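Chain by chain, the residues run as shown.
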Amino acid sequence: MEKIDHDIKLLFEQSVEGQSGVNLPQCDVPEASVSEAIPSALLAATPVRLPEMCEREVTRHFTRLSERMMSVDANFYPLGSCTMKYNPKINEWAADLPGFTAGHPYQDVQDIQGSMELMYRLRQLLEEIAGLSEVSLHPAAGAHGELTAMMVVRAYFRDRGENRDEVLIPDTAHGTNPASCALCGERVTIVKSTPEGLVDLDDLAAKITDNTAAMMITNPNTLGLFDKSIKKIADILHQRGAQLYLDGANMNAIMGQVRPGDCGVDVMHYNLHKTFSTPHGCGGPGAGPIAVAEHLAPFLPAPQVDFVDGKYVWDFNRPKSIGKVRTFYGQFGVMVRAYTYIRALGHSGIKNVSDKAVLAANYLGKKLEPFYTLPYPLPCMHEFVISAEKQKDDHGIRALDIAKQLIDYGIHPPTIYFPLIVSECMMIEPTETETLETLDRFAAIMQRIAEQARTNPELAHQAPVTTPVSRVDEVKAAREPNLRWRYKE
Amino acid sequence: MAYSGISQKQVRHMLDTIGVARIDDLFADIPAELRLGKLLNLPEPMDDLSLQNHLRSLANRNHGTDKLISFLGAGSYDHFIPPVVDALASRSEFVTAYTPYQAEASQGVLQAFYEFQTMICEITGMDVTNASMYEAGSATAEAVLMARDITGRSKVLIGQNVHPEYVQIVRTYLASQPMTIEIIPTPTGTIEPSVLASLIDDQTAAVVIQQPDFFGCLNPVDKIADAIHAAKGLLISVVDPISLGLIAGPGQLGVDIVVGEGQPLGLYQNFGGPYLGFMAAKSAYLRRLPGRLIGMTTDHEGRRAFCLTLQTREQHIRRERATSNICSNEGLMAIRAAIYLAAMGKNGFFQVANLCFQKAHYAASQIVGIEGFELAFKAPFFKEFVVRSKKFPVDKVIHEARQAGLLAGVPLECWYPELGDCLLVAVTEKRTRDEIDALVDVFRKIGG
């Protein structure tokens, strides 16, 4: 189809002098002189330049932009490690209740008991799911949870008079793990994976030292494999006094099946925006609560929400706390959604989630196995990786090309080129919320793409052709950074 | 279960395809002794109606700014949110998408983020910004680490008049770093450039200020900038974006790195989150910025297009050498802010700032006319000010106001024992003269 008027003009290009999208009140108090109250050096020299548009045009602009998106509501979105499950609408309904949205963080607790009760109950639910002693709801995102957790571990060792600053991380880890360690002043040592994709215990034994503060593992890992040696790993660490950290990005596979605390995990983070169905919002907000074993609890951020004498209160009296990592108490609006979700599901529903997530991934893996290389044999947990190495070697079609072709079929591509240890990697996580029909359709499309790689490889190289723009020149974007519109002076 | 796409009947077919007898067999890699073997100790599932009743009853137990007239600020403000913000930001195409890694499938939000970046640069007067941080506090801490990396220095000076929670967060972030923090005393509410100059040395990486500061006061930012620049350090300023409709932008005053709290830009107070951190800087520091950056480029046919760019700074590529560990940011909140700023536009943005200024000054002028109350600081202010109660306990003011359906302000004693007799009062454009007069009446009733 010919693309007419494909550009949506920038806000700034649509601006019409004198227009505004709001109708603000007249000033109803006697006006003071701004220039008398504030020294001229501290006043804006010229009015800030912002677009001038009527509400109608603002609405059309952002509505049209929203039409240039793929989203969970409209598309299958098997983005590995991101758990793009359906986001139930009752969560949004709850989070939008004015009683929740209108709370000020410094209100008297007496006036905000409902929100505090929700936080306290969410804490308890997450403690039980983790099998750990105490949860902090403060961290703003998964990576922020990792950072907070590493700070807690560090404070724990300082309290014992130790200054351990080494962290072990498997080569399959998310990039946030080493980055969080660095931000916390820890040095990172990489532990190799075995050919089976699991932590190499010999390499672990060789790399652990008395300076090892922790090992950060993701289990199931980013290959979709549950590391059955987790207890052994915990034992190796604990014998040297080190802590076992679990990156909870993949909790969707195991909640209700096994509790991290029962595996010897000392500290973990959750991603409420993955496991507990809070929407991803084009990159956020998320929330990354952490759960810790008893010996780490004194070091959690303050204040903690608590229940004392029939009243919900803030406990500031935590002398060993690392302090604050985020303003106020965390991503409350995200907590409301996660709480709503967990209460809707209940004990049996939570287990059903991981049951179906793992079932869907294995089913899909089985359907794709004839056409793509599965570097690690099934069964998998909630996700699996395929390699397009064969398509690349035989026909010059890379994982990136397949990804772009999927877009033309109305499917958001899987995570590509991660984990780093698999070449031409595509990491597929269908989640429990997709139908059998969707899984079958995806498998059929992937089969067709594999066949077309043989018969008509140009199709893949040209993709996508159905989107408002064809392949985007990312090299140019990086070489000549244009990060903002410039008004003509 | 309504959220699962797979019916019980289909499970059999899927298991047969996989070649296992039971779903449990798929979990065989989890050692039997670690398996839970029973249901979690969680409540029973809830039907939709019971769940709605439960949540409604929790929400109804709150008495927030929907039911009470709020003069609470201190980093979270009751500003007007145009309904168009909710209508557009709740479109599920935005709400349920992920980070725009696949540019061709995400042009909508990439353009929105590019517009957000542009508007943040415009209101702050800075060259470059990213596509959001978590909130102001952790953004401040990240700015300090950025200044350390740029200057290679190890000391940071922070105003006593910077939000105490932001200072606490900086302390937490720096606890494991070989850095020292010194507090710049502000007994008059603002930073005195000569006092500051005496604290700066050749190891000072940055001075961190807030403008307007935590007490609402305006600091001589231009002179502060001169003092730190003379020692080749950087100036970091935390800003309230609403103030920038009236107050000089940090770019105009020589600030090197700006961070701020975007909550006033169309976000609900939400009991403290999610909010919107932002960070903007001079172009020289572009490659030191944490977080995601959106760039304009072209597609292969030369048409305008947008994508994530300069990703080699980021953790998923650079890992432990990344500028930060930030991955998830506050995307949807940045979209809200972009819609807010577009709807407000040039005139609305100025008007809101002016209304805040006028109403706050009216409220202050009325309160200081009452026996027993005065402004704690003489410095110029924007929309927030500190009232000192010379004769009566602050709690009495708060209590009496609450009886009248008003949230009078934030008491300062928990952070500043020396200001135990003080109340921080915020007045936004939403407060009507009648509401302000009702607050003044409370003071009058107490003061007599």
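Residues numbered from 1 in each chain as written. Chains lettered and ligands numbered in written order. Predicted model: local features only at pLDDT ≥ 70, side-chain atom pairs only at ≥ 80, totals over all residues. Heavy atoms only, no water.

Some points on the sheet that holds strand β11 (residues 415-416) of chain A
Residue and element names in this part refer to chain A. Overall, antiparallel pairing links the three strands, which are arranged β10-β12-β11 in an open sheet. Strand pairing shows two members of the sheet lacking a second neighbour, β10 (384-387) and β11, which therefore form its edges. Across two bridges, β11 lies against strand β12 (residues 425-428) in antiparallel orientation. By the bridge assignment, I416 is partnered in β12 with M426. (Pairing = 2+ DSSP bridges. Helix = DSSP H or I, 4+ residues; strand = E, 2+ residues; numbered from the N terminus.)

Looking at the pattern of salt bridges
Taken as a whole and assessed by the stated rule, the structure comprises 58 salt bridges over all chains. Taking the shortest distance from any N to any O, the salt bridge between A:R154 and A:E186 comes out at 3.7 Å. Taken together, the residues span a long stretch of sequence, with A:R154 in helix α7 (residues 142-159) and A:E186 in the loop between α8 (176-183) and β3 (187-191) at a distance of 32 residues. On the basis of relative accessibility, which here comes to 9%, the residue A:R154 falls in the buried class. Residue classification places A:E186 among the buried residues on the basis of a relative accessible area of 5%. B:R303 is the partner of B:D299 in a salt bridge, and the nearest nitrogen-oxygen pair spans 2.8 Å. Of the residues examined, B:R303 reaches a relative accessible area of 15% and is grouped as buried. Connected through salt bridges with shared partners, the residues B:D78, B:K430, B:R431 and B:E435 form a single ionic network. (Salt bridge = Lys/Arg side-chain N within 4 Å of Asp/Glu carboxyl O. Buried < 20%, exposed > 50% of the residue type's maximum accessible area, 1.4 Å probe, protein only.)

A short note on the sheet that holds strand β4 (residues 212-218) of chain A
Residue and element names in this part refer to chain A. Taken together, seven strands build an open sheet; the order of strands is β1-β7-β6-β5-β4-β2-β3 and the sheet is mixed. Across the chains shown, the open sheet's two edge strands, defined by having one partner strand only, are β1 (134-136) and β3. Neighbour-to-neighbour, the strand axes of this sheet turn through a mean angle of 25 degrees, independent of strand direction. Here strand β2 (residues 166-170) pairs with β3 via five bridges, running parallel. Note on β3: the bridge partner recorded for V167 is V188. Set on the sheet, helix α6 (residues 113-130) makes contact with β1, β6 (267-269) and β7 (290-292); between it and β1 the angle comes to about 125 degrees. In the packing of α8 onto the sheet, contacts are made with β2, β3, β4 and β5 (243-247), and the angle to β2 comes to roughly 175 degrees. (Axes fitted to C-alpha atoms, helices over the stretch in contact; angles between N-to-C directions. Contact = heavy atoms within 4.5 Å.)

A closer look at the interface of chain B and chain A
Between chain B and chain A, the contact holds 187 residues from the first and 202 residues from the second. Of the roughly 16900 Å² buried where chain B meets chain A, counting both sides, 63% is carbon and sulfur surface. On the chain B side of the contact with chain A, B:Y3, B:E104 and B:F271 bury the most area, a combined 6% of that side's loss. Of the charged contacts, one joins B:E122 and A:R484 as a salt bridge, the two residues approaching to 3.0 Å between their closest N and O atoms. Joining chain B to chain A, the criterion identifies 95 residue pairs in polar contact (both at pLDDT 80 or more). It is helix α11 (residues 331-368) of chain B that contributes the most residues to the side of chain B that touches chain A, 24 residues altogether. Grouping the constituent residues of the side of chain B that touches chain A by class yields 96 nonpolar, 60 polar and 31 charged. (Buried area = accessible area lost by both parts, 1.4 Å probe. Polar contact = N/O pair within 3.5 Å; in protein donor to acceptor, adjacent residues only side chain to side chain. Nonpolar A, V, L, I, M, F, W, Y, C, P; charged D, E, K, R; others polar.)

A word on the environment of A:T467
All names here are of chain A. Mapping T467 onto the fold places it in the loop between α16 (457-462) and α17 (474-479). Taking C-alpha positions, T467 is 7.9 Å from R68, a pair spaced 399 residues apart along the chain. Among the polar contacts listed, one links the side chain of T467 to the backbone oxygen of V469, at a separation of 2.6 Å.

Considerations on the packing of aromatic side chains
Overall, the coordinates contain 27 aromatic pairs over all chains when judged by the stated rule. On the numbers, 6.1 Å between centres and 85 degrees between planes, the contact of A:Y156 with A:F299 is edge-to-face. With A:Y156 in helix α7 and A:F299 in the loop between β7 and β8 (304-308), this residue pair connects regions lying 143 residues apart in the sequence. The same class applies to A:Y156 as to A:F299, namely buried. Here A:F328 and B:Y275 contribute two aromatic rings whose centre-to-centre distance is 5.9 Å and whose plane-to-plane angle is 80 degrees, an arrangement assigned as edge-to-face. Of this pair, A:F328 sits in the loop between β9 (311-315) and α12 (332-368) while B:Y275 sits in the loop between β7 (257-261) and β8 (277-281), each in a different chain. (Phe/Tyr/Trp six-rings, centres within 6.5 Å; stacked < 30°, edge-to-face > 60°.)

Digging into the domain arrangement of chain A
Residue and element names in this part refer to chain A. Domain annotation of chain A identifies domain 1 (90-344) and domain 2 (347-475). Each of domain 1 and domain 2 has a C-alpha centre, and the two are 30 Å apart. At the interface, 25 residues of domain 1 touch 21 residues of domain 2. At the boundary of domain 1 with domain 2, total buried surface from both sides reaches about 1800 Å², with 65% on carbon and sulfur atoms. (Domains from an automatic or database assignment.)

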